[in-house]
Amino acid sequence: MSDPMDFLLLTKGPLFNLAVTVFALGMAARILEILVNGRRPNYSEARGGQWLPGLRTVLTRSVADPGTFKRAPFNVVVGWLWHLGFIVTLLFFIPHIALIKSLLGLSWPGLPNPVVDLVTAVTLVALVATLVHRRTHRVKRRISTPEDYLVWTLVFLLVLSGYLAYNRIINPYPLALGLHILCAEVFLIVLPFTKLTHIFTVFIARWYNGASFGRRGVES
Amino acid sequence: MRVFEKNPLEKGLAERLREHGVSRRGFLKFCAATASMMALPPAMIPAIAAALERARRPSVIWLSFQECTGCTESLTRSHAPTVEDLILDLISLDYHHTLQAAAGEAAEAAREQAMRDNHGQYLLIVDGSLPGPDANPGYSTIAGVSNYSMLMEAVEGAAAVIAVGTCAAFGGLPAAAPNPTGAVSVMDLVKDKPVVNVSGCPPVPMVITGVLAHFLTFGRLPELDEYHRPLAFFGQSIHDRCYRRPFYDKGLFAETFDDAGARAGWCLYRLGCKGPSTYNACATMRWNAGTSWPIEAGHPCLGCAEPRFWDAGGFYVPLSVPTGPASDYLLAAGAVGAVAGAVVATKARGRAKEEAAVRQPVTVEELEQKL
Amino acid sequence: MSATMSGLPSIPVQVETPAGGGACHGNALAILHEVRHALERLISTGEATRIDLHALPFGAGDEAWLTALLGTGEVRATIEALGPTSVQETAIPGVWLVDYHNAEGQRLALHLEITCIPGILRTQCRELDTAVATLDTRLGAATPGGSRPLS
Ligand code: SF4
Ligand code: SF4
């Protein structure tokens, strides 16, 4: 594809439809499967409610307890940093809001571009830090799988291409924007089939955990 | 490329102007206007003056194919210098079937004459796209000659070809899907001669004359980008030179055409502005003798100087929004996926239940016997 | 179609005129810094600078804001050559506004010149060759019986 505008139109048209289709098919199937399957029936007598403890765990598991923080401060701080940065840029950059509105009809106020730009830069640095940490930490290196690196690369490329496009570092712009959209499409397609699924399942999992604690009468 | 050597006895421009009673100051002023028109810094004015003093009139042949005459309309609104000056003093416009007085056979004869006399040296300007060699030539003809053969014949003896307007440069409206006439651009057909694309629908008038002035002044074509567009005019995007950019950077956007933001002159991104992906000179050269330009008038950029702009999604749809019906795909695929997931899970549950139903209790003794 | 039929009167039109001097979109500010550098250059090396104000991404009001800020100085001149050109010294010595128009009154170019005197105001040395001849012709026409070179 030699023509940047053709490339952009390809990513904005057919490729985007394809990515959205694969993503929606895969993700809906996975979530429905989880929900319908439910959990193994528990025949013991319930010692407490499930809903509240479930929700409480969604919260408490999201904030690291002091013990975890002491053992792995890097994981907690940097992990939080880039996750937050990713969500902020994804949900509060005006062009993204326009895109989401066109897809779902939902819209909300955005953040000024320089704020998003700064957050993106911090996210990029944090992402590099996580990779360095993963490679230098003995245990982490042992437990890392190829999938972990694949997921890291996808996330990093997605954020990086967005940063380059916004700051107009790659020229001409249709090429830069096309590359960013292409990264997003690969991300969407891969999402339902890798651990990226946690974007949608993390809270379900935490709720199940908390609910089962609640039922057993354990502190959630 | 030296096209001005055709008649060494012909006088240079400065001398001709002086004979017409134009003073030295008038000439310097003309040079200042020309520099402005070529988007060159004023520091270049002495060099431009020196070059223009020696400049000779190139012969220009202008062919119009599948077009709306908007580009010629635009050119005749070029104000610096006036088009009369341009035609009479700077170039020798030997054929332009809309502007010339002659018509019919006389006009075609003038074209053939100019092509013969200036073979290898004339400048060929084209506006409009044309049916490609494989398309039905009957879609567009002039004096019974197909656009394709007229172009190829004229290109043969041209020093360079300037494609004026998005149609000539990229196919434009005639080539928009489903492209019923099989329209192609000049650059699709001309491979062995330099092609300059002056895109825009229409191009900024000063850009058309600016390219001519550059050719005339320096005797060569200006530097071009990857789409063969002169960098001096197309080197930066609308967005990069837009005076509303500070609002974009601050995140202040007009949401509708008459809200408070629109009245305060905020950025038009959410109203579909294609300025970030469009490369043209509107933001600095402006329109209507430098009065204003679309974004200053409150309308988003349509992206008219870029290839395929007619097919690049709605004019009032933000640049980040996909061009296809992606939300339909999202919904349909989501529904199918949900059903599939539910079916698979239900089946699995059913199997688990069946197995639970036929499960036989086993005692320790029985197990020990089996082992 | 009448205006009422087209519903034109029902469209609320609101024109906002910024108070005094026009609005500044921040783009004119950068020019002032450029002018400052040019002035320093003029003072230290005598080198003159020309800035093409039409090549800048100005918004509505930016130009008015800039010219109002620069103010009006002591000299104002008009040159009649290929249409009027007005030369105006601003309140800042050495900073000139040169506004080129064609015979139809359309602006051809607008320059800021940072110099002691804009070149276009000077007599053009190239035209001195005709000076004596022109004077002699006029003298001849004014003196009955022809002219003699004065000694
Ligand atoms: S109006 Fe258009 S070109 Fe101007 S800053 Fe906004 S998006 Fe960019
Ligand atoms: S503002 Fe955009 S659409 Fe309008 S003329 Fe300029 S390039 Fe074309």
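Keep in mind that this is a model prediction, so the values were computed, not measured.

**Student:** Just to check I follow, could you spell out the arrangement of the chains for this structure?
**Tutor:** Interchain contacts are distributed over 2 pairs of chains, and the most extensive set of them lies between chains A and B. Considering only C-alpha positions, the minimal separation of the non-contacting chain A and chain C is 17 Å.

**Student:** Looking at this model, I keep getting lost on the environment of Asn-288 of chain B. Mind explaining?
**Tutor:** Note that Asn-288 of chain B resides in the loop between helix H14 (282-285) and helix H15 (326-358). A sequence separation of 168 residues divides Asn-288 of chain B from Gly-120 of chain B, and the C-alpha atoms of the two residues are 35 Å apart.

**Student:** Looking at this structure, how should I read the interface of chain A and chain B?
**Tutor:** Many structure descriptions define interface size as the accessible area lost when the parts assemble. Between chain A and chain B, the contact holds 39 residues from the first and 45 residues from the second. Buried surface at the junction of chain A and chain B, summed over both partners, amounts to about 3500 Å²; 64% is from carbon and sulfur atoms. At the boundary of chain A and chain B, one finds 2 salt bridges. At the junction of chain A and chain B, the tally comes to 13 residue pairs in polar contact (both at pLDDT 80 or more). Only helix H1 (4-12), helix H2 (14-37), helix H6 (94-104), helix H7 (113-136) and helix H10 (173-190) of chain A provide two or more residues apiece to the side of chain A that touches chain B. At 13 residues, H2 of chain A tops the list of elements feeding residues into the side of chain A that touches chain B.

**Student:** Which parts of the structure should I look at to understand the domain arrangement of chain B?
**Tutor:** Residues and elements named next belong to chain B. Once the domains are mapped, chain B shows domain 1 (8-55), domain 2 (57-234) and domain 3 (245-370). For the pairing of domain 2 and domain 3, the buried interface totals around 1500 Å² over both sides, and the portion due to carbon and sulfur atoms is 69%. Connecting domain 2 to domain 3 are 1 salt bridge. Arg-229 is paired through a salt bridge with Glu-306; the nearest N and O atoms lie 3.0 Å apart.

**Student:** Mind showing me how you'd approach the interface of chain B and chain C here?
**Tutor:** Counting from both sides, the interface comprises 28 residues of chain B and, opposite them, 38 residues of chain C. The junction of chain B with chain C conceals about 2900 Å² of combined surface from both sides, 56% of it contributed by carbon and sulfur atoms. Looking at which element gives the most residues to the side of chain B that touches chain C, the answer is helix H2 (residues 24-37) of chain B, with 9 residues. Among the residues forming the side of chain B that touches chain C, the class breakdown is 13 nonpolar, 6 polar and 9 charged.

**Student:** Would you explain the site of ligand 2 in this entry?
**Tutor:** Neighbouring ligand 2 are Thr-278, Asn-280, Cys-282, Trp-287, Pro-294, Cys-301, Leu-302, Gly-303 and Cys-304 of chain B. In terms of residue class, the shell around ligand 2 is made up of 6 nonpolar, 3 polar and no charged.

**Student:** Is there a simple way to explain the environment of Ile-48 of chain B in this structure?
**Tutor:** Residues and elements named next belong to chain B. On the secondary structure map, Ile-48 appears in helix H3 (residues 45-54). On the accessibility criterion, Ile-48 (0% relative accessible area) is buried. Expressed as a C-alpha distance, the spacing of Ile-48 and Phe-257, which sit 209 residues apart in the sequence, is 44 Å. In this view, Ile-48 contacts Cys-31, Thr-34, Ala-35, Met-38, Leu-40, Thr-217 and Phe-218; residues no more than four positions away in its chain are not counted.

About the thresholds
- Residues numbered from 1 in each chain as written.
- Chains lettered and ligands numbered in written order.
- Predicted model: local features only at pLDDT ≥ 70, side-chain atom pairs only at ≥ 80, totals over all residues.
- Heavy atoms only, no water.
- Contact = heavy atoms within 4.5 Å.
- Helix = DSSP H or I, 4+ residues; strand = E, 2+ residues; numbered from the N terminus.
- Buried area = accessible area lost by both parts, 1.4 Å probe.
- Salt bridge = Lys/Arg side-chain N within 4 Å of Asp/Glu carboxyl O.
- Polar contact = N/O pair within 3.5 Å; in protein donor to acceptor, adjacent residues only side chain to side chain.
- Domains from an automatic or database assignment.
- Nonpolar A, V, L, I, M, F, W, Y, C, P; charged D, E, K, R; others polar.
- Near = heavy atom within 4 Å.
- Buried < 20%, exposed > 50% of the residue type's maximum accessible area, 1.4 Å probe, protein only.

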